[in-house]
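The chain contents come next:
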Amino acid sequence: LYNPTTGSLVQHDLDGHDIFCAALTTLPDGRIFAGGGGTADNSYKVSTYDPATLNWVRHLDMNMGHWYGTAVLAKGRVMVSLGTDKVTKTWTDASEFPEISGPGFSFDTPGFWSNMSGVNYKDKVATFRHWYPLQHVMGNGKVLTVGTQNEMYTTKINANNYAGNLQYVGMRSDTPEREAWGATSVYYSKRKVLAFGGIEGWDGDNAPDKKVYKRAIEINFKKSKNIKTKRITDLFYERAFVNGVVLPTGEVLAVGGKNNTNQWDDTMSVFAPEVWNPVTGLWTLLAPQEKPRNYHAAAILLHDGRVLSGGGGLCGECEGITDLNHFDSQIFSPPYLFKDNGDLAPRPIIVAAPNTIGVKTNFTVDMNGSRASSIVRFSLVKQCVVTHSLSTDQRQLQLKAIGSPVQVGGSKWRYTLQAQGTYEDFTKGLWFLFAINSYGTPSVAKTIAVA
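Scope of this entry: the structure provided in the associated data block. Everything numeric here is computed off the predicted structure, so don't read it as measured data.

Scoring rules and cut-offs
- Residues numbered from 1 in each chain as written.
- Predicted model: local features only at pLDDT ≥ 70, side-chain atom pairs only at ≥ 80, totals over all residues.
- Heavy atoms only, no water.
- Helix = DSSP H or I, 4+ residues; strand = E, 2+ residues; numbered from the N terminus.
- Rg over C-alpha atoms; globule rule 2.2 N^0.38 Å.
- Buried < 20%, exposed > 50% of the residue type's maximum accessible area, 1.4 Å probe, protein only.
- Areas by Shrake-Rupley, 256 points an atom, 1.4 Å probe, with all protein chains shown as cover.
- Lys, Arg positive; Asp, Glu negative; His and termini not counted.
- Charge placed at Lys NZ, Arg CZ, Asp CG, Glu CD.
- Polar contact = N/O pair within 3.5 Å; in protein donor to acceptor, adjacent residues only side chain to side chain.
- Contact = heavy atoms within 4.5 Å.
- Pairing = 2+ DSSP bridges.
- Axes fitted to C-alpha atoms, helices over the stretch in contact; angles between N-to-C directions.
- Phe/Tyr/Trp six-rings, centres within 6.5 Å; stacked < 30°, edge-to-face > 60°.
- Lys NZ or Arg CZ within 6 Å of the ring centre and 35° of its normal.
- Core = buried A, V, L, I, M, F, W, Y, C linked by side-chain atoms within 4.5 Å.

1. Considering the overall build of the chain
Stage number 1. What the chain contains, in helices and strands, is zero helices and 33 strands.
Stage number 2. The C-alpha atoms of the chain give a radius of gyration of 21 Å, which matches the 22 Å a tight globule of 451 residues would have.
Stage number 3. In terms of overall dimensions, the chain has a C-alpha envelope of 70 × 50 × 45 Å along the principal axes.
Stage number 4. Residues counted as buried form 57% of the 451 residues belonging to the chain.
Stage number 5. Of the accessible surface of the chain, which amounts to about 18,200 Å², a share of 51% is contributed by carbon and sulfur atoms.
Stage number 6. Looking at charge distribution, the chain has the averaged site of its 44 positive side-chain charges lying 11 Å from that of its 40 negative ones.

What follows is the structure, given as structure tokens:
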């Protein structure tokens, strides 16, 4: 457990469950769900980590193995999709049916997991690569799969009877491709996803004849029956095994990756991150990292608006190679934290905010500090987990300002806000609340719960 304020790092071991390459998501109470893992019967196991108690807890197993599976929080349940059943020790044994949990998130009730009837991902979502499908919760009880294959599907969930419906909704890209393994997708604005990077039809640990992509595609599902895709400006660099991070401003940061299909080396690593501005549609190169961040690396937004980028490598000595294992990390400070002369920019300060909010309900936030009377944006960014370039929790949503700010004493200003949308937009759980002033500088976030 890393504390970015103090710099302390404490190890919290999980006994009896190897969660290497597990399916991860966050739960409404702030716990982290880990389903599946890297060896034999670990692909069936379920554990949760509670950051409030700093403890891991083992739970009852799932019905099927999900090594390299994807977990999403949808319709008040956890849905785990695809991956490999490691008991059979074969790469071709995809878990064809999504599993969905029962209500309550206890995970300790016999029969808690059920295979979703009416949904079979074989030859559809798992057309080529059944590892870590890129999935996002949309509206109307649906989960949208935007990769890694080019065909996009929605999975409609009926939580009352553990049933579902799978529907083809179009192609992610208008160019012929089999998939984009090693790509990432980021929910950066309300019902909008940015997908970028990846490898063309990657079919092995080293496929030198395959192309690494630098293209980026916006996927708009504001109308769930009319999903639109748009090719936007390419990144500066081709990036396989890239991580994407949404910033409080709604911009998207591309971190790490490489212009090489061999995940087991660091050649042709891309050190410079780049940020995409959804207003201009352009990418901007930023200050480079010192270390390669490729396969198994992760990047995540911190409460103070900085980005933690770390890890990368193999699995100990599982390939007989150890010099690719990067146990360190760096913290990146985006340009919005600085003045034009390089000095740190003064920041607005959240003085008071509620601990819990709901959707379509007004609440107030008191501000102080730099330009407290002219906050131009309040953003919620979901606290998330990330693995293998995938975070199904990560999303940024802008709050609606109701009326004008009111001065409530001295330099303090009060804003009335509302989370306009549904609980499929503002998914239940812990979020970072950021306030951004007219200079574009964000506050340090306050953690609030959407319940």
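2. Some thoughts on the side chain of N220
Stage number 1. Here N220 is to be found in strand β15 (residues 216-220).
Stage number 2. In terms of polar contacts, N220 uses its side chain to reach the backbone amide nitrogen of K222, at 3.0 Å.
Stage number 3. Excluding anything up to four places from it in sequence, N220 contacts R191, K192, N226, I227 and K228.

3. Observations regarding the sheet that holds strand β23 (residues 329-332)
Stage number 1. Within the open sheet, the three strands sit side by side as β21-β22-β23. Their pairing is antiparallel. A single partner strand is all that each edge strand has here, and the edge strands are β21 (297-301) and β23. Across the sheet, the axes of successive neighbouring strands diverge by a mean angle of 15 degrees, strand direction being ignored.
Stage number 2. Where β21 and strand β22 (residues 307-311) come together, five bridges link them in antiparallel fashion. Residue L301 lies in a different strand from β22, and its bridge partner there is V307.

4. What to know about the packing of aromatic side chains
Stage number 1. If you walk through the whole model with that rule in mind, you get 21 aromatic pairs.
Stage number 2. Consider the rings of F107 and F112, whose centres lie 5.3 Å apart with planes at 75 degrees: the pair is edge-to-face.
Stage number 3. Note on F426 and W431: the rings are 6.0 Å apart at their centroids and 40 degrees apart in plane angle, and the pair reads as tilted.
Stage number 4. Put simply, the rings of F33, F105, F107, F112 and W113 touch in pairs and so form one group of aromatic residues.
Stage number 5. Over the ring of Y423 we find K428, and its NZ or CZ is 4.9 Å from the ring centre.

5. Thoughts on the pairing of strand β32 (residues 429-437)
Stage number 1. With eight of nine residues buried, β32 lies mostly within the body of the structure.
Stage number 2. Looking at chain direction, strand β27 (residues 375-382) and β32 are connected through seven bridges and run antiparallel. Paired with K382 across the bridge in β32 is W431.
Stage number 3. With five bridges connecting them, β32 and strand β33 (residues 446-450) associate as antiparallel partners. Its bridge partner being in β33, G429 is matched across the sheet by V450.

6. Points about the pairing of strand β17 (residues 243-246)
A regular strand places its side chains so that they alternate between the two faces of the sheet.
Stage number 1. Alternating residues of β17 divide into N243 and V245 and G244 and V246, and every residue in both groups is buried.
Stage number 2. In this structure, β17 lies alongside strand β18 (residues 252-255), joined through four bridges in antiparallel fashion. By the bridge assignment for β18, V245 is matched with L253.
Stage number 3. If you look at the hairpin formed by β17 and β18, you'll find five residues sitting between the two strands, and G250 has a positive phi there, around 90 degrees.

7. Side note on unusual backbone geometry
Stage number 1. Residue T148 is bonded to the preceding G147 through a cis peptide linkage, with omega at 15 degrees.
Stage number 2. Structurally, the position occupied by T148 is in the loop between β10 (142-147) and β11 (151-158).
Stage number 3. Here C21, not a glycine, exhibits a phi torsion of approximately 65 degrees, which is positive.
Stage number 4. Phi is positive for L82, close to 55 degrees, though the residue is something other than glycine.
Stage number 5. By the secondary structure assignment, L82 is in the loop between β6 (77-81) and β7 (99-101).

8. As for the nonpolar core
Stage number 1. The biggest cluster of nonpolar side chains holds 48 residues, and the ones touching the most others in it are I219, V365, M367, F378, L399, F426 and L433.
Stage number 2. The residues contacting F378, other than those within four sequence positions of it, are V365, M367, L397, Q398, L399, Y415, L417, L433, F434 and A435.
Stage number 3. Judged by nonpolar contacts, the second largest core, of 29 residues, contains F196, V275, F332 and V381.

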